[in-house]
Amino acid sequence: MTSTLSGPFEYAPAPESRSIVDVAPSYGLFVDGEFVDGSGEPMKTVNPATEEVLSEVAVGTDVDVDRAVRAARRAFTRVWGPMRPADRGKYLFRIARLLQERAREFAVLESLDNGKPIRESRDVDVPLAAAHFFYHAGWADKLEYAGHGPDPRPHGVAGQVIPWNFPLLMLAWKVAPALATGNTVVLKPAETTPLTALLFAEVCRQADLPPGVVNVVTGAGETGRAVVEHADVDKVAFTGSTEVGRSIARAVAGTRKVLTLELGGKAANIVFDDAPIDQAVEGIVRGIFFNQGHVCCAGSRLLVQENVHDEVIASLQRRIGTLRVGDPLDKNTDVGAINSAEQLTRIRELSEIGEAEGAHRWQPACELPDRGYWFPPTVFTDVSPAHRIARDEVFGPVLSVLTFRTPDEAVAKANNSTYGLSAGVWTEKGSRILAITDRLRAGVVWANTFNEFDPTSPFGGYKQSGYGREGGRQGLAAYLRNGS
Amino acid sequence: MTHVLDPGVLAAGTRPGPGPGTTFDDVTRSDAALRAFLHGLPGVDQVGAEQRAATLGTRSIKTTAKAWAIDTAISMVDLTTLEGADTPGKVRSLAAKARRPDPTDPTCPAVAAVCVYGDLAGVAEEALAGSGVKVAAVATAFPSGRASRAVKLADVRDAVAGGADEIDMVIDRGAFLAGRYLDVLDEIVAVKEACGTAHLKVILETGELVTYDNARRASWLAMLAGGDFIKTSTGKTSPAATLPVCLVMLEAVRDFRAATGRQVGVKPAGGIRTTKDAIKHLVLVNETAGGDWLSPDWFRIGASGLLNDLLLQRQKLRTGHYSGPDHVSVD
Amino acid sequence: MSDRLAVRKTFKLYLGGAFPRSESGRTYAVTDHRGGFLANAAHASRKDARDAVVAARAAFGTWSRATAYNRGQVLYRVAEVMEGRHAQFCEEVAAGEGLSAGRARAAVDAAVDRWVWYAGWTDKLAAVLGSANPVAGPFFDFSLPEPTGVVAVLAPQRSSLLGLVSVLAPVLASGNTAVVVTSRERPLPAVTLGEVLATSDVPGGVVNLLTGDAAELGPWLAEHDDVDAVDLTGAPPAQAMELERLAAGSIKRVLRPPAEEPDWTADPGLSRMTPFLETKTVWHPKGV
């Protein structure tokens, strides 16, 4: 037999249209239901895939934050606090629906501002954000059944600071439970990814959410500090680095502010020799290359049983060779751009240290775009637990591979971290999963899967990965007084 | 702007194992050894396999890639009629379509084969003479496989004598599910022998094996027995070909080649009705087993109605407007 | 009054299941509420605190992985032994806190009852705080509470037994191990509790009792990287903020001190257990 056709199957470019989003040349702060100028020097937000300036965004100072907190306090006292819980729920349902209706717009804007592949913003970030609002909408008038006491009450004004890796989704994780429990919000989006939060502000207006219930104050670290330190903020929620989390914990020390922190991680993804290998390889890929590895719960340490190390690494390398790196708006892109020049520098530095420390770096043959911030999928083998790439959070597409011989050694190595956010376990043996899972000091354990999220499922860390949970019945506790 | 990293990476047999040339003779020596081998294959997690297939199903294949994929898919079709009511006339009409799927466009490739019951192989052979389109015949008491081995082998010889280039046999699912793996293997070996020079496609009927673990074991069993192709289904039970089961079988042929150096083809059959379905399968091949399998020598799609949808889509790409069922021929 | 010359006691620390002196060799005199001498107590040092953390960490694996039923049994046994020391506790509480015999008895009764209450919680927490999560996919997803780890407890300064039990028992019931700095002025019920623990079935190191000064030991414990959580209830009010800042260094869970020492007879609910519990969520696919 002879083929009539041959040649590789080259996928033609399949770009998602940008025309659905209308990026304004400049954006203000969203305070008390209005878009207003900020007092600070405006900042530029760029498309990390091209370094194109997308827009100029206002920077909030102490004065602006104070205005936002006052608006939130007013809204809490006069409108949102006294409102019938069922009505609060209805507002959240409205928001959820609007997120679904404008899903494509949010997805494109997220990929433009963040650099993540449209496949992920379209299939993960935006649908999950909508799901979080749907889930929490239902809680608004059922809080007395949530197991946090017979008369659960909101704290008041919640100051929330979120990271750049899942801009809209982290907003949803923060805003939805805060509003459902009757708090009002001052939200500070990440410096490099403010645009979907501002589009969300527009959705709040579209939903006729009362002014002041949600306020969005854009800016950098100083703006975040102003939110955290404002005297009239009752509740602080932060997702980001452990370093910043530490300084926030210090800042709220001695105050009455209630704090929850979702910080860094260095998750072990443990692969036993009886694992479903093809799915484990998928799980490893999903664990570390999902969202360019900009994931606090990324499976950045692969712990593979020594007797299948070569087989797993060979399969993994073959699989990584099929990853499509490039234009985030191309529907076939698997790995997008690194979010910022600063982050790219950190990833490069840690990778160089990894090599200098004696680990072996592997990257697939890879052509990267000339402009923008890019880093190829990277695997380090021969990594020792003492290497910095085995200990420090890289927050990029860099996997460190370590080996183990026995279950005890796997657990010991997995727990040998100051972090404790997540972990993965791959084995077809059910009893082993349960035994290992019991002993892992991590807030989320994915067994024979990885990086799954759901609004009904509590997420958060042990140890220096933070405290408090987001999602599920347990996640409500952070936003309720005497919440247990 | 999207870059495929190292397209050659899939071509290399990278899974270390016994290495090319391994014959697995020891594995097939006894029922116990065969069982130990098949049950020692890595498990398949259903949810993970289905997630992977679904993700690949979201690939967006447009413009030039779509045109290439449609022509490739047409060239891979085993145009099939397997009805009790089949007649020589029906087979001749199918053969005409197989040679020239789109009579208005000479650039349209022919399909790979026409697939019929064994008693009609001769009619098909005559109608396809000189076209390069192969004659495939189902045999071995298709579709149930419930007959004595002597009857099954006679069925095979009969079809080969009638002119079949390819034999699509069914495995003994009863024996497989009862754990008599060596019986299943022996039967495939015997059928392969009866095929002579004809290529052997081994139908696993994955819908009856139910689990992906079974699909993987049956794939290896068929390859160990010497099958040239592994095929998902008869088309007579549901579910027939699904993306995840095809994924599992593509992983099997990929790993088998890495271990032995011998390449085995894959044929999903039944349930692939639209161009979109066919392209999803091609993406699956491309990103699982790799480009080496993207030819009719190594990948076939068993279908009947699919061809017309491929032709309509092909016309749309060529003319820029939509067409309708009267613009392609009925079978 | 008997004219017998009393045998004066010098108490030691309870650390890793043993009763060592302070490594510093320091002691201090404990007096009753009128200033009369009661006993000498060990004056724990930062190195004693360090050793206590090592002991608590070592004991954590066994204690946290014991079955909830077993932990409940062990804690109930503690209450039984406390009951046997009832009279001694009453004397010490009365002397230290200056309570009438009747009120001291009531405090001791409440303390034993509270211990029993917490003993009964061990095998209920998972059901009350855990959940099966109905995720939108083919996964079995559940969440369970797990102990945080080593908890440093600055025990209340005034309520020397009921207060102590009220902060210690929840830490243990939830599966943590504890390093406790007792009331400085009123340490004797804590010393006796140490003897109770040593003669019950609580494994050594699960509870470590340091008699001494919260103001001195607090910062060392709050800053200790291998301490997972701190209960600042007995911290000097002026120092609480500083301790919380120190605790932030390793992202410790912090139970802030109340504005003033609360009425320990009130129903505590879950409020003293949940701060020292983590939630672990586990996902597993459902497939054939």
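Residues numbered from 1 in each chain as written. Chains lettered and ligands numbered in written order. Predicted model: local features only at pLDDT ≥ 70, side-chain atom pairs only at ≥ 80, totals over all residues. Heavy atoms only, no water.

Caption draft 1: The overall build of chain C, seen in detail. Within chain C, the regular secondary structure consists of nine helices and 10 strands. What you see for chain C is a C-alpha radius of gyration of 19 Å, in line with the 19 Å of a compact globule of 288 residues. The principal-axis extent of the C-alpha atoms belonging to chain C is close to 85 × 35 × 35 Å. The buried share of chain C, reckoned over its 288 residues, is 56%. With the model as given, the accessible surface of chain C reaches about 11700 Å², and the carbon-plus-sulfur share is 53%. Taken as two groups, the 29 positive and 32 negative side-chain charges of chain C have centres that lie 2 Å from each other. (Helix = DSSP H or I, 4+ residues; strand = E, 2+ residues; numbered from the N terminus. Rg over C-alpha atoms; globule rule 2.2 N^0.38 Å. Buried < 20%, exposed > 50% of the residue type's maximum accessible area, 1.4 Å probe, protein only. Areas by Shrake-Rupley, 256 points an atom, 1.4 Å probe, with all protein chains shown as cover. Lys, Arg positive; Asp, Glu negative; His and termini not counted. Charge placed at Lys NZ, Arg CZ, Asp CG, Glu CD.)

Caption draft 2: Structural view of the interface of chain A and chain C. Facing 44 residues of chain A, the contacting portion of chain C comprises 37 residues. Between chain A and chain C, roughly 3100 Å² of surface is buried when both sides are summed, and carbon and sulfur atoms account for 52% of that area. The interface formed by chain A and chain C holds one salt bridge in total. A salt bridge links Arg469 of chain A to Glu278 of chain C, with the nearest nitrogen and oxygen atoms 3.8 Å apart. The interface formed by chain A and chain C includes 29 residue pairs in polar contact (both at pLDDT 80 or more). Looking at the side of chain A that touches chain C element by element, the count peaks at six residues for helix α8 (residues 242–252) of chain A. (Contact = heavy atoms within 4.5 Å. Buried area = accessible area lost by both parts, 1.4 Å probe. Salt bridge = Lys/Arg side-chain N within 4 Å of Asp/Glu carboxyl O. Polar contact = N/O pair within 3.5 Å; in protein donor to acceptor, adjacent residues only side chain to side chain.)

Caption draft 3: Region of interest: the packing of aromatic side chains. Evaluated as defined, the whole model comprises 26 aromatic pairs over all chains. Their ring planes at 85° and their centres at 4.9 Å tell us that Phe9 of chain A and Tyr11 of chain A sit as a pair that is edge-to-face. Given a relative accessible area of 8%, Tyr11 of chain A falls into the buried group. Relative to Trp283 of chain C, the ring of Phe139 of chain C has its centre 5.5 Å away and its plane inclined at 75°; by these criteria the two rings are edge-to-face. A residue pair is termed long-range when its members are at least 10 positions apart, and Phe139 of chain C in strand β4 (residues 139–147) and Trp283 of chain C in strand β10 (residues 277–285) qualify at 144 residues. (Phe/Tyr/Trp six-rings, centres within 6.5 Å; stacked < 30°, edge-to-face > 60°.)

Caption draft 4: Examining the domain arrangement of chain B more closely. For chain B, the domain assignment lists domain 1 (1–42) and domain 2 (61–319). On a C-alpha basis, the centres of domain 1 of chain B and domain 2 of chain B stand 22 Å from each other. (Domains from an automatic or database assignment.)

Caption draft 5: Main features of the environment of His321 of chain B. With respect to the helices, strands and loops of the structure, His321 of chain B is situated in the segment after α13 (306–319). If we skip the residues at most four places from it in the chain, His321 of chain B touches Gln315 and Lys316 of chain B.

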